[in-house]
Amino acid sequence: MNWGINQYDPLLAALSAQVQDLEAKLTFLKSFIPFAKMRGTADIPALLLAHFEVVALTAARLSYMCSFWKNAEEMHNPQFYYRSTCSFKLLSIRAVDFHVYEIYKEVLAASNSSASLHRAVMDERILNNFNDSLIGRLWELLCCSSSFVDSMKDEMRILYAGLRFLRSILREHHEMMDEQNEKIGALLGEAGIIIFAPTLSRVIEGEVSFSRSTQVLGFCGMLANANIHIKHFKDQISGSRTIESLPNSSHSLRAPEVSQTSSRMLSKGKMPIDHEVMVGLDDEAEKVIEPLIKHFEDQLSVSSTIQSLPNSSHSLRAPEVSQTSSRMLSKGKMPIAREIMVGLDDEAAKVIERLVSGPEHVEIVPIVGMAGLGKTTLAKKVYNDNSIIYNFHIRLWCTVSQEYNKKSLLTQILCSDKEQSRMDEVLKNLNEHEFLDKLYKKLKRKRYLVIFDDVWDIKVWNELRISFPDDKNQSRIIFTSRSSNVASQVQYGGEPHYLHPLSEKQSFELLQKKVFGEEEECPQALHGLGMEIAEKCWGLPLALVVVAGVLATIEHDILVWKKFAESLTSTMVSGTDQWKKSLELSYEHLPYHLKACLLYFAAFREDEKIGAKSLMRLWIAEGFVEIIEGKRSEDTAEEYLMDLIGRNLVMVGKNRSIGGVKTCYVHDLIFEFCKGEAKEKKFLQVLRGYDELSTFNEPPNLPRLSICSSEEDFIKSRLFCPHLASLLFFDATPGYKKFKLLNISFLFCIYKHLNVLNLEGINLRLKELPAEVESLLCLRYLALVAERMRFIPPSIAKLSHLETFCLNSDEIVSLPDSIWNMKKLRHVCLWTGFVIRLPSNDNGVENLSTLPNLDTLSCLRLYEEGENLLRRIPNVRRLKISDRQTGNGVLNMSRLECLDSLTWRGNYSSGSWEHVEPPLPMNLKKLCLYDLGLPCSKMSLIERLPNLEVLKLRWRSMEGQKWELMEGGFPKLRVLTLECVKVAEWTEADPDSDDYFPCLQQLKLHDISNLKMMPACLESISTLEEIKVSSCGDGVKSLVREIEAAQEYNNGNENLKIIIID
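Residues numbered from 1 in each chain as written. Predicted model: local features only at pLDDT ≥ 70, side-chain atom pairs only at ≥ 80, totals over all residues. Heavy atoms only, no water.

### Description of helix H14 (residues 345–356)
Item 1. For H14, built from 12 residues, the straight-helix expectation of 16 Å at 1.5 Å per residue is met to within 8% by its first-to-last C-alpha distance of 16 Å.
Item 2. Looking at the buried side of H14, the elements it contacts are strand E1 (363–368), helix H15 (375–383), helix H16 (386–391), strand E3 (448–453), strand E4 (476–481) and strand E5 (497–498).
Item 3. Downstream of H14 by one or two residues, Gly358 has phi in the positive range, about 90°. (Helix = DSSP H or I, 4+ residues; strand = E, 2+ residues; numbered from the N terminus. Expected span 1.5 Å × (residues − 1). Contact = heavy atoms within 4.5 Å.)

### Structural notes on the nonpolar core
One broad trend across soluble globular proteins is that nonpolar side chains are buried collectively.
Item 1. Ranked by size, the top nonpolar core spans 160 residues in total, and within it Leu879, Ile942, Trp963, Trp986 and Phe997 carry the most contacts.
Item 2. It is helix H7 (residues 147–170) that contributes the most residues to this core, 10 residues altogether.
Item 3. In this structure, Trp963 is in contact with Cys936, Met939, Glu943, Leu953, Met958, Phe970, Leu978, Val983, Glu985, Trp986 and Thr987, ignoring residues within four places of it in sequence. (Core = buried A, V, L, I, M, F, W, Y, C linked by side-chain atoms within 4.5 Å. Buried < 20%, exposed > 50% of the residue type's maximum accessible area, 1.4 Å probe, protein only.)

### Side note on the packing of helix H28 (residues 612–622) against helix H29 (residues 633–646)
Item 1. The interhelical angle for the contact between H28 and H29, taken along N-to-C directions, is 110°, at an axis separation of 9 Å. With respect to their mutual orientation, H28 and H29 come out roughly perpendicular. Along this stretch, H28 crosses H29, giving a crossing that reads as right-handed. Taken together, the residues of H29 that come into contact with H28 (itself represented by Ala612, Leu615, Met616, Trp619 and Ile620) are Ser633, Glu634, Ala637, Glu638, Tyr640, Leu641 and Leu644. (Axes fitted to C-alpha atoms, helices over the stretch in contact; angles between N-to-C directions. Parallel < 35°, antiparallel > 145°, perpendicular 65-115°, else oblique. Left-handed = near helix turned anticlockwise from the far one by under 90°.)

### A closer look at the sheet that holds E1
Item 1. On the basis of which strands lie adjacent, the open sheet formed by 5 strands has the order E2-E3-E4-E1-E5 and parallel pairing. Both outer strands of the open sheet, strand E2 (394–399) and E5, are each paired with one neighbouring strand and no more.
Item 2. Across 4 bridges, the pairing between E3 and E4 is parallel. Bridging from a neighbouring strand, Val450 pairs with Ile477 of E4.
Item 3. Those strands touched by H15 are E1, E2, E3, E4 and E5, and its axis lies near 165° from that of E2. (Pairing = 2+ DSSP bridges.)

### Some points on the confidence of the model for the chain
Item 1. Of the residues in the chain, 74% have a pLDDT of 70 or more, and the chain-wide mean is 77.
Item 2. Mean pLDDT in the chain bottoms out at helix H12 (residues 275–278), which sits at 32, and peaks at H28, which reaches 96.
Item 3. Low pLDDT, under 50, characterises residues 91–96; the predicted model gives this stretch 22 contacts beyond four residues in sequence or across chains.
Item 4. In this model, residues 570–576 is a region of pLDDT below 50 whose contacts with residues beyond four sequence positions or in other chains number 12 contacts. (pLDDT = per-residue confidence, 0-100.)

### Here we look at unusual backbone geometry
Item 1. Following Ser858, the chain continues to Cys859 via a peptide bond in cis, the omega torsion being -5°.
Item 2. As for its placement among the helices and strands, Cys859 is situated in strand E18 (residues 856–862).
Item 3. For Phe997, which is not glycine, the phi torsion reads 45° and is therefore positive.
Item 4. Residue placement: Phe997 occurs in the loop between strand E27 (985–988) and strand E28 (1002–1006).
Item 5. Even without being glycine, Ser1031 reaches a positive phi, approximately 55°.
Item 6. Mapped onto the elements, Ser1031 comes out in the loop between strand E29 (1026–1030) and helix H36 (1034–1051).
Item 7. Exposure remark for Ser1031: the relative accessible area of 38% places this residue in the partly exposed category.

### Topic: empty space enclosed by the protein
Over the atoms rolls a probe the size of a water molecule, and its path tells where empty space is left.
Item 1. The final tally for this structure, using the stated rule, is 8 cavities of 30 Å³ or more.
Item 2. A volume near 100 Å³ is recorded for the largest cavity.
Item 3. Lining the largest cavity are Leu815, Ile819, Trp820, Val828, Phe834, Ile836, Leu851, Leu854, Leu857, Leu860, Leu869 and Ile873.
Item 4. For the lining of the largest cavity, the secondary-structure elements that each account for two or more residues are strand E17 (827–836) and E18.
Item 5. Per-element accounting of the lining of the largest cavity gives the leading share, 3 residues, to E17.
Item 6. Its residues assigned to classes, the lining of the largest cavity comprises 12 nonpolar, no polar and no charged. (1 Å grid on protein atoms, 1.4 Å probe; cavity = no way out; pocket = protein on both sides within 12 Å on 5 of 7 lines; lining within 4 Å. Points joined across faces, edges and corners; volume = space filled by probe spheres on them. Nonpolar A, V, L, I, M, F, W, Y, C, P; charged D, E, K, R; others polar.)

### Here's the deal with the pattern of salt bridges
Item 1. Inspection of the entire model under this criterion finds 36 salt bridges.
Item 2. For Asp855, the salt bridge is made with Arg877, and the minimal N-O distance between the two is 3.2 Å. Of this pair, Asp855 sits in the loop between E17 and E18 while Arg877 sits in the loop between helix H34 (866–870) and strand E19 (878–883), and the two are 22 residues apart along the sequence.
Item 3. A residue is classified by how much of its surface remains accessible, and Arg877, at 18% relative accessible area, is buried. (Salt bridge = Lys/Arg side-chain N within 4 Å of Asp/Glu carboxyl O.)

### Focus on the sheet that holds strand E8 (residues 661–665)
Backbone hydrogen bonds hold the strands of a sheet together, and the pairing may be parallel or antiparallel.
Item 1. A sheet is described by the order of its strands in space; here 3 strands give the open sequence E6-E8-E7, paired in antiparallel fashion. A single partner strand is all that each edge strand has here, and the edge strands are strand E6 (610–611) and strand E7 (651–655).
Item 2. Pairing of E7 with E8, which is carried by 4 bridges, proceeds in the antiparallel orientation. Of the residues in E8, the one forming a bridge with Met651 is Tyr665.

### Let's talk about the environment of Val342
Item 1. Position of Val342 among the secondary structure elements: in the loop between helix H13 (281–299) and H14.
Item 2. A residue is classified by how much of its surface remains accessible, and Val342, at 8% relative accessible area, is buried.
Item 3. Considering only alpha carbons, one finds Val342 and Glu509, 167 residues apart in sequence, at a separation of 7.2 Å.

### A few points about the pairing of strand E9 (residues 685–688)
Item 1. Burial of the side chains of E9 extends over both faces: Gln685 and Leu687 are buried on one face and Val686 and Arg688 on the other.
Item 2. Looking at chain direction, E9 and strand E10 (residues 704–709) are connected through 4 bridges and run parallel. If you follow Val686 over to E10, its bridge partner there is Ser706.
Item 3. Traced from E9 through helix H31 (residues 689–695) to E10, the parallel crossover comes out right-handed. (Right-handed = clockwise from strand over helix to strand, strands pointing away.)

### Looking at the packing of aromatic side chains
Item 1. Using the criterion set out here, one finds 20 aromatic pairs in the structure.
Item 2. Measuring from ring centre to ring centre gives 6.3 Å for Tyr600 and Phe604, while their planes differ by 70°; the resulting arrangement is edge-to-face.
Item 3. Given the relative accessible area of 5%, Phe604 is considered buried.
Item 4. Summarising the aromatic geometry, the rings of Trp986 and Phe997 are spaced 6.4 Å apart at their centres and angled 75° between planes, so their arrangement reads as edge-to-face. Here Trp986 is found in strand E27, whereas its partner Phe997 is found in the loop between E27 and E28, with 11 residues between them in sequence.
Item 5. Classification of Trp986 by relative accessible area gives buried; the value is 0%.
Item 6. Taken together, the aromatic side chains of Tyr448, Phe452, Trp461, Phe468 and Phe479 make up a single cluster linked through ring pairs.
Item 7. Between the NZ or CZ atom of Lys234 and the centre of the ring of Phe165, over which it lies, the distance is 5.2 Å. (Phe/Tyr/Trp six-rings, centres within 6.5 Å; stacked < 30°, edge-to-face > 60°. Lys NZ or Arg CZ within 6 Å of the ring centre and 35° of its normal.)

Structure follows, in structure tokens:
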């Protein structure tokens, strides 16, 4: 809803449900009247017209009531509540009332009259609309739980699939269209008689059970006949067998029960109808109904029930892993942060020259070349070059892709130099104009460089160009594109910089470095074969690195390489398809389990930077990861990811500060390959947009479905795929959670075999997770977004196989004490935080209820029972806590021996740590502190941690003006962040000693303007690679520049990267 009042109010939820119900009725009537007229019904009985009038008046009355909803104060007035409740009881009507059903049946069973048909294009529209109404009604039936519906569900699913097939046929244009439309009209009439049966309506509304044997038999016969007729029609269309044409008259399609009942007219209430009044009834009805439907669509976000997709066969599960003999490539190997580049130095120098010199006005530099040539790699090399960093005040990046969303692009650009999660909170409520204005202000009076990667259409630039000011200060924009036409259409565009294939020498050099590393050379015995293989890659870097990924995993033997070269010869072709052939070859050389992991990338959006942790947890839930006794599944999954990276099939987006991969992605060509291969192998189906959603006909035993859609398209599609084991949903407008649903209870009630349910693209308007979640007994992975959710029901404990539970809510969530019974839980991540009650049945320390397999817990809010709670998660490795105690040090975490990553947000109290020492686990590798008020004198406790690699001190995490480093401290620290701390003097105990920060690589300073002194040791640390300064005063910037100069003088360190962001 969009009326400025509490969307989660119980009354509004009830009103919303009534509005949606009435909207469905109006939509049905809008489709039924034209269909009846097209089918040859000249006269529509008065009783039916009276029914239409009641529905229309009800809609008008509800529309009038809606006009008062914007007044939140009036809305919560008790008298308003009473009036609304009474009114809605009066407004409760059925789409097909029982007393008019016989007339509906008479109309639907009417003979076809070719003289009354509209032109073919109108036929298709009318048939489509009525078919959509039938699909929607049948979808509701399938979502019902009653003994009769359950007994007939298989036949109903067949009818549902048949109607969706008819929908896809109606979208096609062919020579036999007129004849087929007549047959489809007869089939829809028959289906309508079944779907709108009054007894079924009673079943849906829970009024009666369908138990009378004659009714059951009659209905079963009608349903079976309808399915047979649709199957005959489908066979005829597909040409699978020769059958007689279906009769045009619907009489022959009706079951005996239909013909017997349709011959009778209701004796009561029947009135003569003036034929002239009926002429154009469909047009007049549409004029009345259409505005009412439009009103509700404008006023109310249509709530739909998201489809669930029960279990199916798991064709790529972990047991298969042990059958493969292929060796893993790089177990435990860290990905190379710097890509290996060949032949790009000269190209980069030319582009850099154009960026730092040339005209004063804004200039666009297009980088153009065929797929796989390395356009993005070149753009990254230029973007990260030191001369570019120094020359431009601000550098921003976005990836456009073939399908893009304007707001998503603007978010990418605005967030590309900041933390994504922080910026999302700032940006999520901005409209399009505010976005454009914010970007304009960000760039105004600054010399900027903005990269638009993978541009397919000049439209994207035309939509955003207003936000790029021209201050005549040599600002620059880079486009990378496969199309030279895009480059030629750009205003202020310079000459395109064309990339060409690598030479034979460069091709072999790249292949050699990718197979053997930068330090080794190809053995002389393999040199000739290596040259031959490189030559067959036609100078395409993508093909070369993919082929290198295969060579790195096979024996370095002449016969083995010769056989591979021969297979390459038989598959490689010249032209634009060589990259496809190299991908196919690389894919075929993958072990079985890695094939599944690679194809899974097709479930995500193109060019999406995927969180590595989430991806690996999904792999585990899907059963792709082999279970090895004594080894964490996450470690095995990480080896799989590293193997795919080592084979050059997956690329690293960002590395984690503690080691490992933070985000990853695949090249768009590999993405397209995965999508096609996944569909062909029936491994995964990807649906994008309404056309694909509405015409999708579920193949048998499809295990996984990925959907990217807007709310409106998803609701209209009425997708129902009962055999799925995994559903992943992505909003078409990522980052804004615009897809909103009020109710998903039916999903839990109907689809009981899901293993993976990822609904992070949907904002559930719920305060409490429905108790029906207990029905998903097979669930292993559950990820939700519900901004106002506060409660999780105790019934969640029935999900005994659940391993990962993620919930993004803006509220503090209350978890039930029954969660202590979920022994397989490994990852619990709640965005803002959660509280959890202690088990009521614990009688003492010896009887503690624990979660022995819990690996990740975020973000736990601790109160007086904090230490008692921590005792129950003895093996946790990653922990985020919000300590709401007084900060007096009673929270002892030293017993968490497996903990290697801790984020600790305290409850600041000045001086509270003076007489206590924070006991920290000695195995910590990453520590992030907020609001603890730890005195500088206590920092030695952290400096002594022997394995600490990453330390982030943020927002009042330490207190005091002087921090003196202890000698020999931080023996393994690689990354240090100081943010919003008040320290002024930062020095070392002995300036002459060199026993400080022996491993430090990155130093990040943010908003520490008080800093007047920095340790002298920073001037001589040979491992230092980068200092990043943001929102600091000129004094801090001067200190950093002095360090830069001293580093170059003392160590000859010319590659130290200094990044300063105002």
